[in-house]
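# Observations on the model geometry
What follows is each chain in one-letter form.
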Amino acid sequence: MVLSPKQTTIAYRCPRCGAGIMSAVGFFSLSGDMLKLKCDCGESELIIQRSRDGKIRLTVPCILCPKPHQYTVSSNLFFGRELFTLACPYSDLDTCFIGETNHVKAALAKNELELLELLEEAGAESFDALNRPQTLTDPQIYDIILFVIRELEAEGEIHCRCAAGEGEYTVDVLDDCIRVSCTKCGAEARLPTDSLLSANAFLNADRLQLS
Ligand SMILES: [Zn+2]
Ligand SMILES: [Zn+2]
Ligand SMILES: [Zn+2]
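Worth saying up front: this structure is predicted, and the values here are computed from it rather than measured.

## Section: the sheet that holds strand β12 (residues 188-192)
- Taken in spatial order, the three strands line up as β10-β11-β12 in an open sheet, and their pairing is antiparallel. Each edge of the open sheet carries a strand with a single partner, namely β10 (169-173) and β12. Averaged over neighbouring strand pairs, the angle between their axes works out to 15° when direction is ignored.
- Where strand β11 (residues 177-182) meets β12, five bridges bridge the pair, whose relative direction is antiparallel. Its bridge partner being in β12, Val-180 is matched across the sheet by Ala-189.

So this is what it looks like as structure tokens:
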């Protein structure tokens, strides 16, 4: 019997309209037969079922395949990871993101960039939602960039002119960018926030150099 309240966040991308759909899932909301997560466009749904042996069965729409994919994961994996992704067996593209909300959000954003690259390579024009210059709203971009900055700072991967570990960093949200600066040496970096594409290089970086 599980006494501690467990919760996770799950997300997928709607194959029809390209939107990222995200929702919190509690352990107890899963004690019923099944839970459906639907896209606002009404054209896709992710199905979560808890089986008798305590495992979680997922039916996840895939953006590249005509039919959804089925996965079975243990409830420890489902509720216990910071981030756990499930990939399309035919393309390796991630279809489902499970874990802590901010990690899921960031993974969903990276997935969008991967898709944009795929579409670009294919010269495809068919995917309406992804061809719009900006599919995420501004607050989400800020959230994602701030999240990555916090991660880099926690890992000691922000560098300036000060000796390692000596810098003191502040983050300012400006109209057209987020500025990270060191209050000791004055070095700074400006991260564009007008679209995820322009933030791509930063989101995929494992260190941030201020100059
Ligand atoms: Zn949709
Ligand atoms: Zn697939
Ligand atoms: Zn410094």
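## So, the environment of Ala-24
- Its place among the elements puts Ala-24 in strand β2 (residues 20-26).
- Overall, the presence of 11 C-beta atoms within 10 Å leaves Ala-24 in the exposed class.
- If we skip the residues at most four places from it in the chain, Ala-24 touches Gln-7 and Thr-9.

## Points about the sheet that holds strand β8 (residues 94-99)
- Pairing is antiparallel across the open sheet formed by four strands, whose spatial order is β2-β1-β8-β7. In this open sheet, the two strands that pair with only one neighbour each are β2 and β7 (83-87). Each strand of the sheet is rotated relative to its neighbour by a mean of 20°, with strand direction disregarded.
- Two elements, strand β1 (residues 7-13) and β2, share seven bridges in a ladder whose sense is antiparallel.

## With respect to the pairing of β1
- Across the seven residues of β1, five count as buried, placing the element largely inside the fold.
- A loop of six residues connects β1 with β2, the two strands running antiparallel in sequence, and Gly-18 in this loop sits at a positive phi of about 85°.

## Here we look at the pairing of β11
- Residues of β11 alternate between two faces, with Ile-178, Val-180 and Cys-182 buried on one and Cys-177, Arg-179 and Ser-181 left unburied on the opposite face.
- Bridge analysis of β10 against β11 gives five bridges, and the strand direction is antiparallel. The residue of β11 that forms the bridge with Val-171 is Val-180.
- Adjacent in sequence and paired antiparallel, β10 and β11 are bridged by three residues.
- Linking β11 back to β12 in an antiparallel pair, the connection comprises five residues, with Gly-186 at a positive phi of about 80°.

## Considering the environment of Gly-42
- Within the secondary structure, Gly-42 sits in the loop between β3 (34-38) and β4 (45-50).
- A count of 10 C-beta atoms within 10 Å places Gly-42 in the exposed class.

## Observations regarding the nonpolar core
- Judged by nonpolar contacts, the single largest core of 37 residues is most densely connected at Ala-11, Cys-96, Phe-97 and Ile-145.
- Examining the composition of this core, we find that six residues originate from one element, helix α2 (residues 101-122), more than from any other.
- Built from parts of two domains, this core gets at least three residues from each of domain 1 (7-131) and domain 2 (138-209).
- In contact with Ala-11, other than residues within four places in its own chain, are Gly-20, Ile-21, Met-22, Phe-97, Val-104 and Leu-108.

## Some points on the confidence of the model for the protein
- Overall, the prediction assigns the protein a mean pLDDT of 83, with 84% of residues at 70 or greater.
- Mean pLDDT across the elements of the protein bottoms out in helix α3 (residues 128-131) (43) and peaks in strand β9 (residues 158-159) (96).
- The model gives residues 128-136 a pLDDT under 50, and that stretch makes 17 contacts with residues more than four places away or in other chains.

Rules behind the numbers
- Residues numbered from 1 in each chain as written.
- Chains lettered and ligands numbered in written order.
- Predicted model: local features only at pLDDT ≥ 70, side-chain atom pairs only at ≥ 80, totals over all residues.
- Pairing = 2+ DSSP bridges.
- Helix = DSSP H or I, 4+ residues; strand = E, 2+ residues; numbered from the N terminus.
- Axes fitted to C-alpha atoms, helices over the stretch in contact; angles between N-to-C directions.
- Buried ≥ 20, exposed ≤ 12 C-beta atoms within 10 Å, placed from the backbone.
- Contact = placed C-beta atoms within 7 Å.
- Core = buried A, V, L, I, M, F, W, Y, C linked by C-beta atoms within 7 Å.
- Domains from an automatic or database assignment.
- pLDDT = per-residue confidence, 0-100.

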